[in-house]
Amino acid sequence: FPTFILSHHPQVQVLILQAFSPLLSHLLITRKSFISKNFNTMSRFGKQKRFKGYTVLGSNGEFQYLTIDEKVKIVETVKTEDPDKTIIVGAGHESTKITEEYVSRLSEAGADFALIYTPCFYRGSMTASAHLTHFTKIAESSPIPVILYNVPANTGLDLPVDTVVSLAKHDNIIGIKESGGNVVRIGSIAYKTKDLDFQILAGSASFMIPSYSVGAVGTVAA
């Protein structure tokens, strides 16, 4: 199903349509003519609604089960089908080095922003220092701006608020998609980053309005 993001950040002033449902990512690889037709239909819908771009390879799709080559092909296909739109791409990986290489390839394929989730396989070792090192290295090497992605339902951990605030000071980290549903936490992040060029997107429509009331600027509503 479509996913929407509304952000007012000066670099992300876009309403973004999730172009791929959980069942279509693999079809994009194996049945390109079918998915191209489907994408064209969604593209026309997006233009009618004045959408400015697309979010691809989000957590509602099959990005965890695709190879990097397949993910790159998806981004290339989206860019080919609608070259004037902004593209935010789910670009996280457990490995810092692989994420850096992956983001570089996605940028070459046409991605405009990288959405990076918190590594979680060794969650017991994912200290604040480890998070800072991981995201900072990615941001410093990334040719495109980075959006943090906190999704504790999938990763089993929360990116600490103080860590988010520290990362928000990096010039190439422009915001966070906050999917934990804790509105108090969202308000805390908003307050502590109010003087920074950093934006918060609620990760679900279920807490979209309360998030707006405490400082979020948009939502990713699956």
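Please read all numbers here as calculations on a predicted model, not as lab measurements.

Q: Break down the packing of helix α7 (residues 161-168) against helix α8 (residues 183-192) for me, citing the residues and quoting the values.
A: Contact geometry of α7 with α8 gives a least axis separation of 10 Å together with a crossing angle of 35°. For the element pair α7 and α8, the recorded crossing hand is right-handed. Touching V161, D162, V164 and V165 of α7 are R185, S188, I189 and K192, all from α8.

Q: For helix α5 (residues 128-141), give the residues involved together with the corresponding values.
A: An α-helix turns once per 3.6 residues; consequently, residues spaced three or four apart project the same way. Under the 1.5 Å per step criterion, the end-to-end length of α5 is 20 Å for 14 residues, consistent within 8% with the ideal 20 Å. Within α5, the full set of buried residues consists of H131, H134, F135, I138 and A139. Considered in projection along α5, the buried side chains sweep an arc of 120° and stay on one side of the axis. Among the structural elements, α4 (96-109), β5 (113-117), β6 (146-150), α7 and β7 (173-178) are those in contact with the buried residues of α5.

Q: Can you break down the pairing of β7 residue by residue, with the values?
A: Counting buried residues along β7, six of its six residues qualify, which places the element largely inside the surrounding structure. Sheet analysis places β6 next to β7, joined by five bridges and oriented parallel. Counted as the bridge partner of V146 is I173 from β7. Pairing of β7 with strand β8 (residues 199-202), which is carried by four bridges, proceeds in the parallel orientation. Bridging across to β8, K177 finds its partner in L201. With α8 bridging β7 and its parallel neighbour β8, the resulting β-α-β unit is right-handed.

Q: Summarise unusual backbone geometry; cite the residues concerned and give the values.
A: Of note, L57 is a non-glycine position whose phi angle comes to about 60°, a positive value. Here L57 lies in the loop between β3 (53-56) and α3 (68-81).

Q: Describe in detail the packing of α3 against α4, supporting the description with residues and values.
A: Orientation of α3 relative to α4, taken along the N-to-C sense of each, is 25°, at an axis distance of 9 Å. Judged on the interaxial angle alone, α4 and α3 are roughly parallel. Helix-helix and strand crossings are classified by hand; for α3 and α4 the assignment is right-handed. Contacts between α3 and α4 involve I68, D69, K71, V72, V75, E76 and K79 from the first element and I98, Y102, R105, L106 and A109 from the second. Considering only residue class, the contact of α3 with α4 consists of seven nonpolar, no polar and five charged.

Q: Would you mind going over the side chain of K177 in detail, with residue names and values included?
A: In this structure, K177 sits in strand β7. Buried and without a salt bridge, K177 has E178 as its closest oppositely charged side chain, separated by 10 Å. When residues no more than four places from it in sequence are discounted, the contact partners of K177 are S59, L115, I147, L148, Y149, N150, L201, G203 and V220.

Q: Lay out the pattern of salt bridges in plain terms, naming residues and giving numbers.
A: For the structure shown, the criterion picks out four salt bridges. The closest approach of N and O atoms between D162 and K192, which form a salt bridge, is 3.4 Å. Placement of D162 in helix α7 and of K192 in helix α8 is noted, with a sequence separation of 30 residues between them. Residue class for D162 comes out exposed when judged on its relative accessible area of 53%. Classification of K192 by relative accessible area gives partly exposed; the value is 42%.

Cut-offs used in this document
Residues numbered from 1 in each chain as written. Predicted model: local features only at pLDDT ≥ 70, side-chain atom pairs only at ≥ 80, totals over all residues. Heavy atoms only, no water. Axes fitted to C-alpha atoms, helices over the stretch in contact; angles between N-to-C directions. Helix = DSSP H or I, 4+ residues; strand = E, 2+ residues; numbered from the N terminus. Left-handed = near helix turned anticlockwise from the far one by under 90°. Contact = heavy atoms within 4.5 Å. Expected span 1.5 Å × (residues − 1). Buried < 20%, exposed > 50% of the residue type's maximum accessible area, 1.4 Å probe, protein only. Arc of directions from axis to C-beta. Pairing = 2+ DSSP bridges. Right-handed = clockwise from strand over helix to strand, strands pointing away. Parallel < 35°, antiparallel > 145°, perpendicular 65-115°, else oblique. Nonpolar A, V, L, I, M, F, W, Y, C, P; charged D, E, K, R; others polar. Lys, Arg positive; Asp, Glu negative; His and termini not counted. Salt bridge = Lys/Arg side-chain N within 4 Å of Asp/Glu carboxyl O.

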